[in-house]
Amino acid sequence: MKKILSPLPDDSKHWDTTGNLLIKGDNLDALRLLRQSYFGKVKLIYIDPPYNTQSDAFIYRDDFSAKQSEVLAQLGYTADNIDYIKNIYGARTHSGWLSFMYPRLLLAKDLLRDDGVIFISIDDNEQAQLKLLCDEVFGQENFVCTLIWNKQHSQQQGLFKKYHEHVFLYGEDIEAHENISGGEGFIDAGAMKKVSKANPASDFSFPAGVRFGAPDGTEFSGTFGDAEKVTVIKGRLLAINGKTAEEVTLSAGWTQRKQMESFFAGEEVLDSKNQKVVEFYFSPTGKIKCLKERSKVTPPTILPPYGLVSEQSSYLMSLLGANVFDTPKPVQMIRDFADWLSGTDDICLDFFAGSGSTGEAVMRLNAEDGGKRQFILVQIPQPIDPKAQKEAHTFVTETLDKPDATIFEITAERLRRAGAKIEAEQTEKAKALALLPAQLEGFSPDTAASSAPAAHVDTGFRVFDLVDDPDTLILQKPLQQASQADVLALQASIATPQPAQLPRILYNLLLAEGLPLTTPIRTVMDEQLYVATNVAFVVRALPLDVLTDTLRALQQHAVPPAYLTVYAPWIADDNFMLGIKTMAETLGYSEDKLRLRG
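It should be emphasised that the depicted structure is a prediction, and the values quoted were computed from it without experimental measurement. (Residues numbered from 1 in each chain as written. Predicted model: local features only at pLDDT ≥ 70, side-chain atom pairs only at ≥ 80, totals over all residues. Heavy atoms only, no water.)

**Comments concerning the pairing of strand 25 (residues 563-567)**
Let me state the cut-off plainly: A 1.4 Å probe rolled over the protein chains alone gives each residue an accessible area, and that area as a share of the maximum for its type sets the label: buried under 20%, exposed over 50%, partly exposed in between. Strands here are runs of E lasting at least two residues and helices are runs of H or I lasting at least four, both read from the DSSP assignment and numbered beginning at the N terminus. The rule for pairing is simple: two strands pair if DSSP sees at least two bridges between them. Handedness of a crossover is defined as follows: with both strands directed away from the viewer, a clockwise route from the first strand across the helix to the second makes it right-handed.
Within strand 25, four of the five residues are buried, leaving the element largely enclosed by the surrounding structure. Bridging between strand 24 (residues 535-538) and strand 25 involves four bridges; their strand directions are parallel. Paired with Val538 across the strands is Val566, a residue of strand 25. As for the winding sense of the linkage, the β-α-β connection from strand 24 through helix 15 (residues 544-554) to strand 25 is right-handed. Where strand 25 meets strand 26 (residues 594-597), four bridges bridge the pair, whose relative direction is parallel. Note on strand 26: the bridge partner recorded for Tyr567 is Arg597.

**A closer look at the sheet that holds strand 23 (residues 529-532)**
This is how the line gets drawn: Convention adopted: a line fitted to C-alpha atoms gives each axis, helices being fitted over their contacting stretch, and angles between N-to-C directions are expressed from 0 to 180 degrees. By definition, residues are in contact when any of their heavy atoms lie within 4.5 Å.
The strand order across the open sheet formed by five strands is 22-23-24-25-26, and the pairing between neighbours is mixed. Because the sheet does not close on itself, it has two edges, and the strands there are strand 22 (522-525) and strand 26. Direction aside, neighbouring strands of the sheet carry axes that sit 25 degrees apart on average. Note: strand 23 against strand 24, four bridges, orientation antiparallel. Its bridge partner being in strand 24, Ala532 is matched across the sheet by Val535. Lying on the sheet, helix 15 is in contact with strand 22, strand 23, strand 24 and strand 25; it crosses strand 22 at an angle near 140 degrees. Helix-sheet contacts for helix 16 (residues 574-586) involve strand 24, strand 25 and strand 26, and the interaxial angle to strand 25 is about 175 degrees.

**A few points about the sheet that holds strand 13 (residues 237-240)**
Within a beta sheet, neighbouring strands are joined by backbone hydrogen bonds and run either parallel or antiparallel to one another. As summarised here, the arrangement of the three strands in space is 10-13-14, forming an open sheet in which the pairing is antiparallel. Looking along the sheet, the strands with just one partner apiece sit at the ends: strand 10 (219-220) and strand 14 (243-244). Direction of pairing for strand 13 relative to strand 14: antiparallel, over a ladder of two bridges. Within strand 14, the residue paired with Ala239 across the bridge is Thr244.

**Observations concerning helix 10 (residues 390-399)**
Along an α-helix, residues three or four apart share an orientation, since each turn contains 3.6 residues. Convention followed: The directions from the helix axis to the C-beta atoms form the arc being described.
Here helix 10 has its buried residues at Ala392, Phe395 and Val396. Around the axis of helix 10, the buried residues are gathered within 85 degrees of arc, so they sit on the same side. The exposed set on the far side of helix 10, more than 90 degrees from its buried face, consists of Lys390 and Glu398. Remark: Asp401 follows helix 10 within two positions and exhibits a positive phi of approximately 55 degrees.

Bear in mind that shape data such as this cannot, by itself, settle questions of function.
Printed below as a string of C-alpha cells:
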C-alpha cells in the first residue's frame, strides 16, 4: 500500500520552531516522499547501513524480487537501472544486500545538491562491492577518497585483528567542490623547484626592499643553490638591513610566477585554494619563498582517533542511563564530516539513523559555530528483542513507557536528551560570559557579555510516521474480487471529509507542492483555508465570494500566495469546482498556478 506521512506533534520537540526532522519508517518510502520537497537540496549525507552479515535479524527486504523491480520502475528509474544490479552481481552472498542498497542510493543521489557529498561507513565484508555500486550510482569520477576509521579495538579472532572500518566519500559533482575551509596561522613554502622540461627556467625581476633573511652584507652571485639552481642575471642579490639592497633579476624554475607578478604589482593575491598570499621573501640561502595565511585544511584519509567503540557506548549509556546500543558511531567523527563539507545553513541527512549520532553531531557543530544546519533522520521501527537486548527493551517499555520497544524510540530519546544537554551547556556558557567582564577593569558587563553570546541552537525536531494511506486510490483487492459495493465504499471514504485526518492531509500537500516539511502552516479559515509560505490550500468548499475576498486580502501580505491548491477529494460541491477556475483568473492566478490535488 502507498505510504504517506502522518505528523506526530506530541512526540516532537519544539514543533512550531524547529527545522529538524525525524521520520519513523522504512527509508525507501521516506526517501521517495522526501524527493518531492528536497530534490537537489541536501548538502551532506552520512549513512551507516546495516552490514551484510548474513544474519536473520536483517529487517529490510533483502532480495531483489519483482516487487523491488516494480519499486524502481515506480520511482522513475530506467530498465538499465533495474537490469544493472541483476546482471553485475549474481553472487547470492552479495546480491541481496546490494539490491537493498541500490534504490536507496539512487534516491539519495537525487536529494544531493550539485555540491553535495555522501559519506558511507562500511566494513570489509561489502566494501569492494559497495565501491563498484557507488561508482555506478554517483560516477567513478566523483569518488573522492576512502577514509579509514581506526576503532582502536578488535576482537581476538582471525588471522589479523581488524581495527578499522572504511568511510567512502563521493561528491555529486566533484568539480563543484572547493578546498575545505579551516586552519590557523601561516603556511611558509618554497616558490621554486628544480629546472626541468616541465618547469623551465625564466627571468624575474625583484624590486629593492624585499625581505631577505640573510645576515647584513651577504651577497649571492653567479649560479648558486643545490638542486634548485638560481642564477643572477642583472643587479646584485645583496642583503642590507634585512632587505634586498637593489632591484635584481634572477633566473630559476619558478612555481608561482603569476602570483609573484601580481603581488609585486601591488595586487591582492589568492592561491589556488583561495588562501591569501602575505608576502614573497628571500630565505637566508637566497631562495624565494611564499608566506600565506592558512584558511584551508587538507585532512588526511586516516581519520584522527575518536576513542574506543566502548567509549562511544559509554557516552550513550551516560546520556540515556542504560546500555541500549552496542556500536554507536562517534559523534565527533560525524561532526568533523559536517564541519569539513557543510555550510552553516545546510541540510544534513542520515537515513539509517540508528542511535541518532548524526542528529547530535549537527546540533553540537551548530553550538560551536553558531550555524543553523538542519538534520533529517530516518529510522525504521526495528523491534528490540526482549531476551537478546533485555536492557534496551526495559529502557523503552519501562523508562520511556512506550508500548512498542523499537530502535526508533531510542533514536528519538537520544535526540531529546542530547538536545537538553546542549541547551544546558549553552546556558552555562552564557552565564560565564555574563560574569567574566565584571572581573575586568574598564568593561561594561552588559556590553561585553552581549558581544559574544552563546549561540542559540535548534535542538528540536518534528516527528513524522510513515503510515498506510487510508484514502489511496488503489483498491486493496484484486480487481476480479472487487464488488460494486467495494468501489462505492472506497469512493465514499475518499470523498468524506475526516477532520482527524486534516493534519496528515496538510503535510502531505506540503510535499506535493515541493515545500519543506518544516514549513509553518497558518490557519486562515479553520478546516477550509490554510497558507504555507506562498501556497494557499483549500481543503473544503466555501462560498466563492468569501474565498475571493479572503485571497484578495492575502495578496496584500508581504509574501502573498502565488499558488492556489485545492484538495479535490474533500470538495463535494460541483459548482465550487466549476467556479474556482474563473475566480482564480480574476485574481491573477494563471492556469499553472491553480492546482488540484488528491
